[in-house]
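What the coordinates show
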Amino acid sequence: MSALFEARGITKRFGGLTALHGVDFSLDAGIASIIGPNGAGKTTLFNIFTGLYGADEGAVTFRDHALLGLRPDRITALGICRTFQNIRLFANMTAFENVLVGMHARVSLGLLDVLVRGPRFRHTEGVLHARASALLERVGLLRQANEVARNLPYGDQRRLEIARALASEPSLLLLDEPTAGMTGGEAGSLMGLLRALVADLGLAVILIEHNMRVVMEVSDRVTVLDHGERIAEGSPQEVQADTRVIEAYLGTRHSGGLRRRRAER
Amino acid sequence: MIQTALAIGGVGLSAWAVATFPRSVLVFLLFQASLVFVYLARIPRWLRAGLLALALLVLMPLLGHFNGYYLEVATQVGIFVALALGLNIVVGLAGLLDLGYVAFFAVGAYSWAIFGSPHANLIFGGGFPLAAGWFYLFLLVGLLIGAGTGILLGLPVLRLRGDYLAIVTLGFGEVIRVLANNLDKPINITNGPKGITPIARPPVPFEVPYAEAFYFLVLLIAATVVLVNRWLEDSHIGRAWEAIREDELAAQAMGVPLVRTKLLAFACGASFAGIMGVVFAAKQVFISPESFTFLESIGVLAMVILGGMGSIPGAIVGATVVTVLNLQVLKGFSLWLNELKNAGVVVLGYNLADLPTQLEPAKYERMIFGAILVLMMIFRPQGIFPVRRRARELGER
């Protein structure tokens with residue numbers, strides 16, 4: 001049986017720079033993390049998974065659909081959605097509207113339905129609104145539903161991005177540094193939410209994360225990238241013990257108390 | 001309570017005043033201001049709708065009897081309201097800067113001008129003009145041709161944004177105008193700079209005079225356009241347009257198909273212009289490329305921005321303000337100055353009659369209009385009736 005999500009031999013070059021070199025990745029269920037130093041190619045990998053970039057070599061399959069070459073909105077419709085490292089909300093729309101836009105791929109109305117505004121339209125809009133409220137409640141933002149996204153505090157914006165991504169009813173969620181800039185407590189509660197989502201919705205998650213405590217705590221599998229190559233893959237314990245990982249990622253210093261050295265690009 | 005009384009009294013009194021002083025532009029402006037007040041006043045919804053309907057459906061045509069020009073102004077306002085709302089979809093909602101919008105208006109106008117006049121005989125041999133009744137079918141044709149042209153323009157510019165898109169649409173607008181100017185050879189399609197006339201007017205029921213008939217027709221179409229705009233805005237389509245305006249890449253990653261959604265914006269915006277073009281051709285009886293210059297595109301854009309980008313009431317008020325400014329206020333102002341000049345009024349020891357011709361008041365009209373635009377953008381960049389969200393965005397600075 002093939003995995004839910006599988007990438008094989010992904011190579012991506014930007015001009016003379018090889019950002020990714022034959023990277024393999026696969027996920028069946030649960031939470032898989034991708035870690036690595038800045039510039040290792042983690043976000044590039046996400047951009048290829050979600051169709052924002054093409055790949056020079058390799059193949060990506062999701063439920064036996066080949067993803068490479070598909071437009072981002074088609075990939076979202078298939079059930080993969082993401083958040084962005086540098087938050088990309090629709091800044092001048094309300095939290096509620098942001099989530100509604102996330103449902104776009106699941107709306108089966110056409111222009112005619114909108115212009116006729118019959119029972120079909122009203123029913124669908126009603127369902128969308130109810131779902132949006134439920135999602136906002138789930139991430140703890142219901143009270144801020146009518147707040148314009150740009151006015152939300154940083155942590156709320158990160159959670160709103162997750163709600164917006166969940167709105168497309170994905171079976172695979174890609175989170176790009178969701179805890180960046182959060183306090184330890186905020187990060188902890190976000191990971192609690194994530195685990196609950198995985199348990200309740202059967203969601204599979206790929207996580208890019210710099211916060212090692214979060215990664216080791218929450219991940220089922222960990223993949224380590226360095227200079228565009230996969231240097232290790234395994235359970236958190238296995239990866240932590242891997243000498244190549246310690247060398248490449250942690251440097252030769254002692255392994256505890258890792259910090260992000262610099263915001264990635 | 002006070003507001004209710006003020007609203008009813010304002011509309012009634014100002015209407016009475018217009019009937020009593022049919023030549024005074026100021027009084028007519030008062031009547032318009034009373035309608036804005038009705039819209040803004042804290043009064044019951046039914047009363048607001050009733051008063052606006054009364055003013056537009058009954059009072060306005062009645063006032064047209066006292067001064068026919070007012071009805072002409074109101075009709076023009078209606079045409080530009082529809083244009084501004086169409087452009088508002090493209091620029092205000094979807095964030096696609098279009099500087100050649102009047103091209104769609106031109107395409108609609110020429111579609112009826114050619115087939116609704118004897119001109120088509122030059123192309124097809126004989127049998128034209130079409131019976132006047134075809135006009136109503138051509139409203140639909142204008143809509144479809146407008147939408148088609150919108151898609152045609154949209155296809156090549158899908159990858160462009162901001163400044164680049166603006167330049168290409170500007171070029172497109174010019175191409176349409178130049179085509180209209182030069183397509184009199186080898187086959188005479190547009191009759192070139194001479195224009196097309198006479199264009200058939202639609203048959204009117206109950207022998208309503210043409211001025212009133214066009215007023216009601218334009219009012220009906222403009223009202224429909226307002227309604228359609230509201231429905232689009234309040235749907236997944238409108239939300240997708242706004243998402244594209246906010247962040248194209250994120251919108252696509254959230255499942256919004258960029259190509260289809262952008263083309264839909266171009267098509268919807270253009271279709272309103274197309275349908276109004278048909279009405280315009282019939283109303284004017286004569287059209288030529290002169291009516292569809294770059295300045296017209298900029299004028300409609302100014303309405304949208306002046307009113308408040310992305311806001312439906314904004315576009316309506318913007319269209320009204322700009323049209324009334326151009327047709328009445330600035331003209332009235334320069335006429336008034338001219339009268340002072342002719343009467344030889346002395347200001348600060350200087351006889352206005354000595355004013356050189358280069359400084360004739362009529363020559364200032366455009367300058368004053370420009371100055372108003374500049375001042376508006378400096379002191380109220382969010383427009384007259386901004387969308388609430390947009391107001392917050394700009395208010396933060």
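Worth saying up front: this structure is predicted, and the values here are computed from it rather than measured.

1. Considering the overall build of chain B
Secondary structure summary: chain B contains 16 helices and two strands in total. The C-alpha radius of gyration of chain B comes to 22 Å, within 12% of the 21 Å expected for a compact globule of 397 residues. In terms of its C-alpha atoms, chain B occupies a principal-axis envelope of roughly 60 × 55 × 50 Å. Out of the 397 residues in chain B, the part that is buried amounts to 45%.

2. Topic: the domain arrangement of chain B
All names here are of chain B. The domain architecture assigned to chain B consists of domain 1 (1–66) and domain 2 (69–306). Tallying the contact residues gives six residues for domain 1 and seven residues for domain 2. The element contributing the most residues to the side of domain 1 that touches domain 2 is helix α3 (residues 45–66), with five residues. Among the residues forming the side of domain 1 that touches domain 2, the class breakdown is five nonpolar, one polar and no charged.

3. A look at the confidence of the model for chain B
Residue and element names in this part refer to chain B. With 97% of its residues at a pLDDT of at least 70, chain B reaches an overall mean of 87. Within chain B, helix α10 (residues 236–246) carries the highest mean pLDDT (95), whereas helix α16 (residues 388–395) carries the lowest (44). Long-range and interchain partners of residues 390–397, a stretch whose pLDDT sits below 50, account for 11 contacts in this model, where long-range means more than four residues apart. Across the interfaces of the predicted complex, the ipTM metric reaches 0.89, alongside a pTM of 0.88.

4. A few points about the domain arrangement of chain A
Residues and elements named next belong to chain A. Assigned domains of chain A: these are domain 1 (1–79 + 170–185 + 203–265) and domain 2 (88–169). Across the contact, eight residues belong to domain 1 and nine residues belong to domain 2. At three residues, the largest contribution of residues to the side of domain 1 that touches domain 2 is made by helix α2 (residues 72–78). Partitioning the side of domain 1 that touches domain 2 into residue classes produces five nonpolar, two polar and one charged.

5. Some words on the nonpolar core
All names here are of chain B. Ranked by internal contacts, the top residues of the largest apolar core, which has 186 residues, are L83, A84 and M276. Of all the elements, helix α4 (residues 68–93) adds the most residues to this core, at 17 residues. In contact with M276, other than residues within four places in its own chain, are I79, A82, L83, F105, G108 and I221.

6. Details of the interface of chain B and chain A
If you look at the interface, chain B gives 26 residues, while chain A gives 28 residues. Looking at the side of chain B that touches chain A element by element, the count peaks at seven residues for α10(B). Its residues assigned to classes, the side of chain B that touches chain A comprises 14 nonpolar, four polar and eight charged.

7. Considering the packing of helix α9 (residues 210–233) of chain B against helix α12 (residues 258–284) of chain B
Residues and elements named next belong to chain B. Contact geometry of α9 with α12 gives a least axis separation of 11 Å together with a crossing angle of 180°. Between α9 and α12, the angle falls in the class roughly antiparallel. Along its contact with α9, which presents F214, L217, V218, I221, V225 and L232, the element α12 presents C268, F272, I275, M276, V279 and K283. Looking at side-chain class alone, the contact of α9 with α12 contains 11 nonpolar, no polar and one charged residues.

8. Remarks on the sheet that holds strand β2 (residues 17–27) of chain A
All names here are of chain A. With antiparallel pairing, the four strands of this open sheet are ordered in space as β2-β1-β4-β5. With partners counted over all chains shown, the strands left at the sheet margins are β2 and β5 (65–66), one partner each. Where strand β4 (residues 57–62) lies against β5, two bridges are found, and the strand directions are antiparallel. Looking at β5, one finds that F62 is bridged to H65. In the packing of helix α1 (residues 42–49) onto the sheet, contacts are made with β1 (5–14), β2 and β4, and the angle to β1 comes to roughly 115°.

9. Focus: the packing of helix α5 (residues 102–115) of chain B against helix α8 (residues 162–182) of chain B
Residue and element names in this part refer to chain B. One way to put it is that α5 packs onto α8 with a least axis distance of 8 Å and a crossing angle of 30°. If you check the angle between α5 and α8, you find them roughly parallel. For the element pair α5 and α8, the recorded crossing hand is left-handed. Seen from α5, the contacting residues are V102, A103, A106, V107 and Y110; seen from α8, they are F172, G173, I176, R177 and A180.

10. Brief notes about the pairing of strand β9 (residues 221–226) of chain A
Residues and elements named next belong to chain A. Most of β9 sits inside the fold, with five of its six residues counted as buried. Relative to β9, strand β3 (residues 31–35) runs parallel, the two sharing four bridges. Residue I35 lies in a different strand from β9, and its bridge partner there is V224. Joining the antiparallel neighbours β9 and strand β10 (residues 229–234) is a turn of two residues, in which H227 adopts a positive phi near 45°.

11. Description of the environment of B:F216
Residue and element names in this part refer to chain B. Topologically, F216 is positioned in helix α9. Residue classification places F216 among the partly exposed residues on the basis of 18 C-beta atoms within 10 Å. In this structure the C-alpha to C-alpha distance between F216 and M254, which are 38 residues apart in sequence, comes to 43 Å.

Cut-offs and rules
Residues numbered from 1 in each chain as written. Chains lettered and ligands numbered in written order. Predicted model: local features only at pLDDT ≥ 70, side-chain atom pairs only at ≥ 80, totals over all residues. Helix = DSSP H or I, 4+ residues; strand = E, 2+ residues; numbered from the N terminus. Rg over C-alpha atoms; globule rule 2.2 N^0.38 Å. Buried ≥ 20, exposed ≤ 12 C-beta atoms within 10 Å, placed from the backbone. Domains from an automatic or database assignment. Contact = placed C-beta atoms within 7 Å. Nonpolar A, V, L, I, M, F, W, Y, C, P; charged D, E, K, R; others polar. pLDDT = per-residue confidence, 0-100. Core = buried A, V, L, I, M, F, W, Y, C linked by C-beta atoms within 7 Å. Axes fitted to C-alpha atoms, helices over the stretch in contact; angles between N-to-C directions. Parallel < 35°, antiparallel > 145°, perpendicular 65-115°, else oblique. Pairing = 2+ DSSP bridges. Left-handed = near helix turned anticlockwise from the far one by under 90°.

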